[in-house]
Every structure is written in structure tokens, then in C-alpha cells.
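Coordinates in review
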Amino acid sequence: MLQYLEVVTGSLEGKKRWRQYKARVKALPEDYRTAAEALERYLMHFGPGDGADAASMFDDLADLFERSAADGTPIREIFGQDPVAFVEAFMQNYSAGSYIRRERERFTSAIARAAGEDTGKDERTL
């Protein structure tokens, strides 16, 4: 019965991990929580698409902000002067499932082929 329920509703373990992550973020001091939620919003659009990679990424995100809050690390020191560069570097650790990354690679490969350059990659496998 549990397997059937998970087919209909999705992974219960994944939902449990998500609720735990949200509780961890909610417990952060306000400025860290605001930054974590902004980063979460960005990652929901541009981050990994599969459940396991996304769950790991959000667990790591909570770890980062919990440690930073405990150490008193200023928000700007976490992100640096370019928050987009930070989040793009952060996402590089979680490459599986990112449709945007795959599409960027496919696009770059197609342009290289159109320019007569051998990329050694088959567009259909990206």
C-alpha cells in the first residue's frame, strides 16, 4: 500500500527531507533566513531537477547557513559581491538533473558544430 501511495504522491522520504530543511531554515536568525529563502527561490528555478540531487543541495544549503549563523559570518561574506556568481558556483556541485545546464551545453555544442568545429559530443546525449 505504501508503494502505491508513493506512486501517487511522490516519495515520502523526499517530502520528509523537505519539511526538515524548511524547519531548519525557519529556525535561522532573520537575516540568514531571508538570504537562504532568496537562494532557495533561485535554486528552485535554476538548480537540479531530480529529487535526490535537489534534496542534497538543500541540506547543504541549510548546513551552510546554520554554520554561518553560528560563526557570525556576515551575509555579504557568504555571497561575496556577486551573489549570482556564488549561486552558480554552488550549483556546480549538483550537476545532475539541471535542464538549464544541459540546454546550455546543447546550445554551445550546436553552435560549435555550425561553425564547423568538432566537439566530440552528440547533441542527443546531452
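**A closer look at the overall build of the protein chain**
- Scanning the protein chain from N- to C-terminus turns up 7 helices and 0 strands.
- Written out in order from the N terminus, the α and β elements of the protein chain read α-α-α-α-α-α-α.
- Considering the protein chain as a whole, with its 126 residues, one finds that 28% of them fall into the buried category.
- In the protein chain, 59% of the contacts between residues at least 6 apart in sequence involve partners at least 24 apart.
- As displayed, the protein chain offers around 8,300 Å² of accessible surface, 55% of which is attributable to carbon and sulfur atoms.

**So, the pattern of salt bridges**
- Taken as a whole, this structure holds 4 salt bridges when the rule is applied.
- Between Arg24 and Glu66 there is a salt bridge; the shortest N-O distance is 2.6 Å. Taken together, the residues Arg24 in helix H2 (residues 12–26) and Glu66 in helix H4 (residues 51–71) connect sequence positions 42 residues apart.
- With relative accessibility at 24%, the residue Arg24 sits in the partly exposed group.

**Quick notes on the side chain of Glu88**
- Note on placement: Glu88 falls in helix H6 (residues 83–91).
- Contacts of Glu88, omitting those with residues within four sequence positions, involve Tyr42 and Arg104.

**Examining helix H3 (residues 30–46)**
- Between its first and last C-alpha atoms H3 spans 24 Å; for 17 residues at 1.5 Å apiece the expected length is 24 Å, and the two agree.
- For H3, the set of buried residues is Tyr32, Ala35, Ala36, Leu39, Glu40 and Leu43. On an axial view of H3, the arc spanned by its buried residues comes to 140°, and they lie on one face. Residues Glu30, Arg41, Met44 and His45 are exposed on H3 and point more than 90 degrees away from its buried face.

**Some thoughts on the nonpolar core**
- In this structure, Leu39, Leu43, Leu61 and Phe65 are the most contacted members of the largest nonpolar core, which totals 21 residues.
- Elements represented by at least two residues in this core include exactly H2, H3, H4, helix H5 (75–79) and H6.
- Sort the elements by how many residues they give to this core and H4 lands first, with 6 residues.
- Residues contacting Leu43, with those up to four places away along its chain left out, are Met57, Phe58, Leu61, Val87, Phe90 and Met91.

Calculation notes
Residues numbered from 1 in each chain as written. Predicted model: local features only at pLDDT ≥ 70, side-chain atom pairs only at ≥ 80, totals over all residues. Heavy atoms only, no water. Helix = DSSP H or I, 4+ residues; strand = E, 2+ residues; numbered from the N terminus. Buried < 20%, exposed > 50% of the residue type's maximum accessible area, 1.4 Å probe, protein only. Contact = heavy atoms within 4.5 Å. Areas by Shrake-Rupley, 256 points an atom, 1.4 Å probe, with all protein chains shown as cover. Salt bridge = Lys/Arg side-chain N within 4 Å of Asp/Glu carboxyl O. Expected span 1.5 Å × (residues − 1). Arc of directions from axis to C-beta. Core = buried A, V, L, I, M, F, W, Y, C linked by side-chain atoms within 4.5 Å.

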